[in-house]
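# Examining the three-dimensional arrangement
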Amino acid sequence: MQGTVDGFSYGIVTPVAAFLMACLGGALGLRCTTRSLRHRDSFKAGWLALGATAIGSGIWTMHFIAMMGFSVQEAPIRYDLPITFASLGVAVLMVGIGIFIVGYRGATALTLVTGGTITGLGVATMHYLGMAGMRLQGRVEYDTLTVATSVVIAVVAATTALWAAVSVHGFLASLGASLVMGVAVSGMHYTAMAAVSVHLHGADPVEGTGDTATSLLPMLIGPAVFLILAAVVVMFDPLLVMGDPDWQGPARTPRRPGVPAPRHVPSFGEPANWTARPAGRGARRTVPRGGHRSQDW
C-alpha cells in the first residue's frame, strides 16, 4: 500500500521559514570565511570554525523546519534522536573540512572544486541521514535519478558559495550571495523530498519510541538562537563598518593612546625650542647653546 505523502502540511509557512534559516546560515558562513581569507590573523581557525558551524547549523535547522511540513496521511512519523543529532554533527564536520581546505590552501580552482564537493556531499549526507532517522510503519523509497540530481545541486551550491566567499565584496553583494545560497539549499532539499515515496506495511500506528517533527521544535531553538546571535556579532564586524587600514593605502605607524609623538631633537645651530614643565616651583628652561645652560625658576 502506497502512502499519501504531503510535503506542505502547513502551507507556505515551513518553506519560507526554512529558506530564511538557510539564508541566515549561509550569510554568516560566507562572512566568516571571507573574514578569515582577507585578514590573516591568529583567529583564522576560529573564523573558519564559526563559519562551518553556522553553515552546518543553518542547513540542519532548515531541513527539520521543512520536515515539520512533511507528513504521510496514513501513518504518523517519529524521529530517532541520536540519528537526528548525528546528522547535525556530520553537516558541521564535512562543511568544516571543505571550508578549511579553501581557508588554508588558497582560493584556487582546484581547492574550490575540492572544498565545494566535500561541503556539498556533507549537505546531502546530512539530509539523507536525517531522513534515515524517520520512524514510520512503512518503508521509505527513493527515485535514484532525483536523488542524484539533489546531490549535484548540493555540490554546485556549495562550490558557488565558496567562490562567493572569495570573490564577492561588499555587504549588499554578500547579502545577495546568501540569498542565492538559500535558494540553492532549499531547492536541494525539496528536490530530494520529491524523490521520496512511502510503502506502508499496514494500517497500524508505528511501534517504538521517538519524537514527532513538531516535538523537535524546542531542539531547533538552540541552533537558531546561535545563528542569530553570531550573525549580530559577525555582520557588524568593526572591520566591515569602519574599514580596514590595509585597504586605505600604505601602512602608517600606529599611535597608542597616551603615548606622545616622537619629539624632534634640534641639531647644533638650529633654533632653540622652549620646553617648560608645568607652572610652579621646579619649572626648567633649557637653552641649547654652548654649555647647555639650564635655569630653574
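Everything that follows concerns the structure shown earlier in this document.
Read on for a plain summary of the structure. (Residues numbered from 1 in each chain as written. Predicted model: local features only at pLDDT ≥ 70, side-chain atom pairs only at ≥ 80, totals over all residues. Heavy atoms only, no water.)

### Observations regarding the overall build of the protein chain
What the protein chain contains, in helices and strands, is eight helices and eight strands. Every one of the 297 residues in the protein chain was classed for burial, and the buried ones make up 39%. Summarising the internal contacts of the protein chain: among those between residues at least 6 apart in sequence, 82% fall at separations of at least 24. Summed over its atoms, the accessible surface of the protein chain is roughly 16,300 Å², and 67% of this surface lies on carbon and sulfur atoms. (Helix = DSSP H or I, 4+ residues; strand = E, 2+ residues; numbered from the N terminus. Buried < 20%, exposed > 50% of the residue type's maximum accessible area, 1.4 Å probe, protein only. Contact = heavy atoms within 4.5 Å. Areas by Shrake-Rupley, 256 points an atom, 1.4 Å probe, with all protein chains shown as cover.)

### Section: the side chain of K44
With respect to the helices, strands and loops of the structure, K44 is situated in helix α2 (residues 44–67). Apart from the residues within four sequence positions on either side, K44 is in contact with S36, L37, G103 and Y104.

### Structural notes on the pattern of salt bridges
Tallying each qualifying case throughout the model produces one salt bridge. Between R139 and E141 there is a salt bridge whose closest N-O contact spans 2.6 Å. For R139, a relative accessible area of 39% corresponds to the partly exposed category. (Salt bridge = Lys/Arg side-chain N within 4 Å of Asp/Glu carboxyl O.)

### Thoughts on the side chain of T111
Inspection of the secondary structure assignment puts T111 in helix α4 (residues 109–132). Taking relative accessible area as the criterion, T111 reaches 9% and is therefore assigned buried. Polar contacts involving the side chain of T111 include one to the main-chain carbonyl oxygen of T108, which spans 2.9 Å. Not counting residues up to four positions away in its chain, the partners in contact with T111 are I101, V102, R105, G106 and G116. (Polar contact = N/O pair within 3.5 Å; in protein donor to acceptor, adjacent residues only side chain to side chain.)

### Some words on the pairing of strand β6 (residues 196–200)
Of the two faces of β6, the one holding V196, V198 and L200 is buried and the one holding S197 and H199 is not buried anywhere. Relative to β6, strand β5 (residues 138–142) runs antiparallel, the two sharing five bridges. Bridge pairing in β6 links R139 to H199. (Pairing = 2+ DSSP bridges.)

### Brief notes about helix α1 (residues 13–38)
The terminal C-alpha atoms of α1 lie 38 Å apart, and with 26 residues this matches the ideal 38 Å at 1.5 Å per residue to within 8%. Counting buried positions over the 26 residues of α1 gives 19, a clear majority of the element. (Expected span 1.5 Å × (residues − 1).)

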